[in-house]
Amino acid sequence: MKNPLYFPSSQLISRRRFVTGLAAGGALLGLGLSPARLLATTGSTTPMPERRGNHFTLDIAPLTVNFTGAMRTATAIGGSVPGPVLRWREGDTVTLDVTNRLAVDSSIHWHGIILPTGMDGVPEISYPGIRPGETFRYRFTVRQSGTFWYHSHSGFQEQTGMYGPIVIEPRDQEPNPCDRDYVVMLSDWTDEEPDSVYAKLKKLSHYYNFNERTVGDLIGEIREKGLARTWNDRAMWNRMRMSDRDLSDVTGYTYTYLMNGRTPSEGWTGLFKPGEKVRLRFINGSAMTFFDVRIPGLKMTVVAADGQDIQPVAVDEFRIGVAETYDVVVEPDDGAYCVFAQAIDRSGYAHGTLTPDISLKAEVPPFDPLPLLSHKDMGMRMNMGDMDGSMSMGDAGSMSMNTMDSGNGAMNAKTKRESAMPGMQPMEGADMNNTVMGAPAKGTMASMPSEGMSGLGKAGYGSNAPVVHVPTEFGPHVAMRTENPQYRLDDPGAGLRNNGRRVLCYADLRNLHPTPDPREPEREIQLHLTGNMSRYMWSINGVKYADAEPLRFRYGERLRITFVNDTMMNHPMHLHGMWSDLETGDPKAIPRKHTVIVQPGSKISYLVTADAMGSWAYHCHLLYHMAGMFRKVVVSEEGK
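Summarised in this report is the structure supplied together with it. Remember, it's a predicted structure, so these values are computed and weren't measured experimentally.

### A closer look at the pairing of strand S30 (residues 602–609)
Reasoning step 1: Among the eight residues of S30, eight are classified as buried, and the element is accordingly described as predominantly covered.
Reasoning step 2: Of the two faces of S30, both are covered, the one formed by Ser602, Ile604, Tyr606 and Val608 as well as the one formed by Lys603, Ser605, Leu607 and Thr609.
Reasoning step 3: Where strand S21 (residues 486–487) meets S30, two bridges bridge the pair, whose relative direction is parallel. Across the sheet, the residue bridging to Tyr487 is Lys603, located in S30.

### Notes on the sheet that holds strand S5 (residues 93–100)
Reasoning step 1: If you walk across this open sheet you meet the four strands as S3-S2-S5-S7, and the pairing is mixed. Both outer strands of the open sheet, strand S3 (72–77) and strand S7 (135–141), are each paired with one neighbouring strand and no more. Put simply, the sheet's adjacent strands are angled 20 degrees from each other on average, direction ignored.
Reasoning step 2: As paired strands, strand S2 (residues 55–65) and S5 are joined by six bridges and run parallel to one another.

### A word on the pattern of salt bridges
Reasoning step 1: On inspection of all chains with the given rule, the structure shows 37 salt bridges.
Reasoning step 2: A salt bridge links Asp517 to Arg558; the shortest N-O distance between them is 4.0 Å. In this pair, Asp517 sits in the loop between S21 and strand S22 (523–532) while Arg558 sits in strand S25 (residues 558–565), placing the two residues 41 residues apart along the sequence. Neither residue differs from the other here; Asp517 and Arg558 are each classed as buried.
Reasoning step 3: With a shortest N-O distance of 4.0 Å, Arg519 and Glu522 are connected by a salt bridge.

### Let's talk about the environment of Leu58
Reasoning step 1: Of note, Leu58 is situated in strand S2.
Reasoning step 2: Of the residues examined, Leu58 reaches a relative accessible area of 1% and is grouped as buried.
Reasoning step 3: Spatially, the C-alpha atom of Leu58 lies 6.2 Å from that of Asp97, the residues being 39 residues apart in sequence.
Reasoning step 4: With residues near it in sequence (within four places) discarded, Leu58 still touches Arg51, Ile77, Gly78, Pro84, Leu86, Leu96, Asp97, Val98, Thr99 and Trp110.

### Considering the nonpolar core
The nonpolar side chains of soluble globular proteins are, as a tendency, buried together.
Reasoning step 1: With 132 residues, the main nonpolar core has Trp88, Trp110, Leu280 and Phe553 as its most contacted residues.
Reasoning step 2: For this core, the element with the highest residue contribution is strand S10 (residues 180–190), accounting for six residues.
Reasoning step 3: In this structure, Phe340, Ala362, Val364 and Phe367 belong to the second largest nonpolar core, which totals six residues.

### Considering the sheet that holds strand S32 (residues 630–636)
Reasoning step 1: Pairing in this open sheet of five strands is mixed, and the strands run S24-S32-S31-S26-S29 from one edge to the other. Each edge of the sheet is formed by a strand with only one pairing partner; in this case those strands are strand S24 (551–554) and strand S29 (595–598). Averaged over all pairs of adjacent strands, the angle between strand axes in this sheet comes to 25 degrees, irrespective of strand direction.
Reasoning step 2: By the bridge criterion, three bridges tie strand S26 (residues 571–575) to strand S31 (residues 614–620) in an arrangement that is antiparallel. Bridge assignment links Leu575 to a residue of S31, and that residue is Tyr618.

The rules behind each value
Residues numbered from 1 in each chain as written. Predicted model: local features only at pLDDT ≥ 70, side-chain atom pairs only at ≥ 80, totals over all residues. Heavy atoms only, no water. Buried < 20%, exposed > 50% of the residue type's maximum accessible area, 1.4 Å probe, protein only. Helix = DSSP H or I, 4+ residues; strand = E, 2+ residues; numbered from the N terminus. Pairing = 2+ DSSP bridges. Axes fitted to C-alpha atoms, helices over the stretch in contact; angles between N-to-C directions. Salt bridge = Lys/Arg side-chain N within 4 Å of Asp/Glu carboxyl O. Contact = heavy atoms within 4.5 Å. Core = buried A, V, L, I, M, F, W, Y, C linked by side-chain atoms within 4.5 Å.

Spelled out as structure tokens, the structure:
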């Protein structure tokens, strides 16, 4: 963001790592100690504050909190962190009078809510923001139902506690009625000032990453793979200025992971009666943390994604990216169950307990092994001539793959993708193995890559357009360009592959209702998520937001957005004001989302109906990526 409006506190940094999300959990496990035995699972049945109706008054104000044993100043909405659950009803017109009692400007954005642009709550795009001492009235008609959330869109205020849940009851009958209904909001808290966190990342991008390789790791790798292969692998990663352990920029070293505002030492508790159906509305309101969620001993049936009903999917585990929501239904018996949400880098966790008796507790499970990124996460073709998976590369720094044998590896990737996207047609006149381009030809789609490109894939099946790297992607600000990105809808991601559990994938998502807009896309926009991790620079197509022109949609058009992730990080991409209809292989049941995870080295696509006039934000929802990986979208009659 160009205008940081965070209200800094003056407290010094304090680390109480036992409490701060068990940053030392991995070390404890290494000593044979289970986190379960080190935490007091006191639990709390105090419900989150909740407000119902169609007229709300909310104050934004400083609030003294203590999540780590040290008093700190949070920025709260409605007097709590998280803010109160706002319960609306589909079809109602809601009025929200929000008063800013901070010394700086603030704002509230209603995440995933379809509303007029002036009500969206993004300073400099949809309105000026809320000045100190002023009250802004939001007023709009609720046109949807499901689980959503709200948060500040000013500076780093979200990191300091400005977020809360929204539950919208359907006007018609609920397709999955339950006996109980709980919000489970996940978040990450730091005692540090967010400005300080960001400054450290800019100076040393792996400042918070304590999983980097050690001499012991190197010795073990040489024993396992041999010196030559180890040397080649390390050289490749070093040329790309990347690490196979760059899973999270900010970790449990500073974060305390919260479930409904409860620390790991306290835990959240939800009560039930044996035999009841319980709906859990998971919301990831974190600034930077992806969570892997499971309830050992209990199957979860996922019934909604980003607030929208889907065809039920029974799973053991799911990954929830920043800003996503998933509704699951569970049917526990008379035991107690741990709701376990471990950070993707295993540096900490949040947890709760589902129990029929407050005195009955469930053991917190140990962490899963630390995930390692692989060649697959770079979007590389594997040279299957090397059965051990080693690779031969040309200039790894530019990711030129000219010397590589695409052979069986590419075929396998294609077959796997097609299994996830049945019926997908190969691009006309092109071998899918040859859609990779190197440096773009002079004058090739510099400002709007692949827009208007022929060979659009059918709606629901994904893009057939070749990957194009525009000139702005070349330079020291972009460390990697993925040459062979694949749809990986059936890939749960690093750390969840082949773990023996049934893990939710995007390929599982099917709309419960017919596709709302079955039209074919008229055009396609290909956007590359780019950056240089070592310099902590993030951008889209190699251009940061401050230097970028808006994306322009023509009102009423149906278009496809294809993301290519040219980095080693997951990026949760959020389009304001319009749905992102995720292409998962069934054109008749395309699921709707407001936030879509783009996995490292992969591509993914969705369709957008440009039915909301005005200006909208479009960005990565990782808070410290947002300043660069951000675009303004303008929807107008002319599309110009």
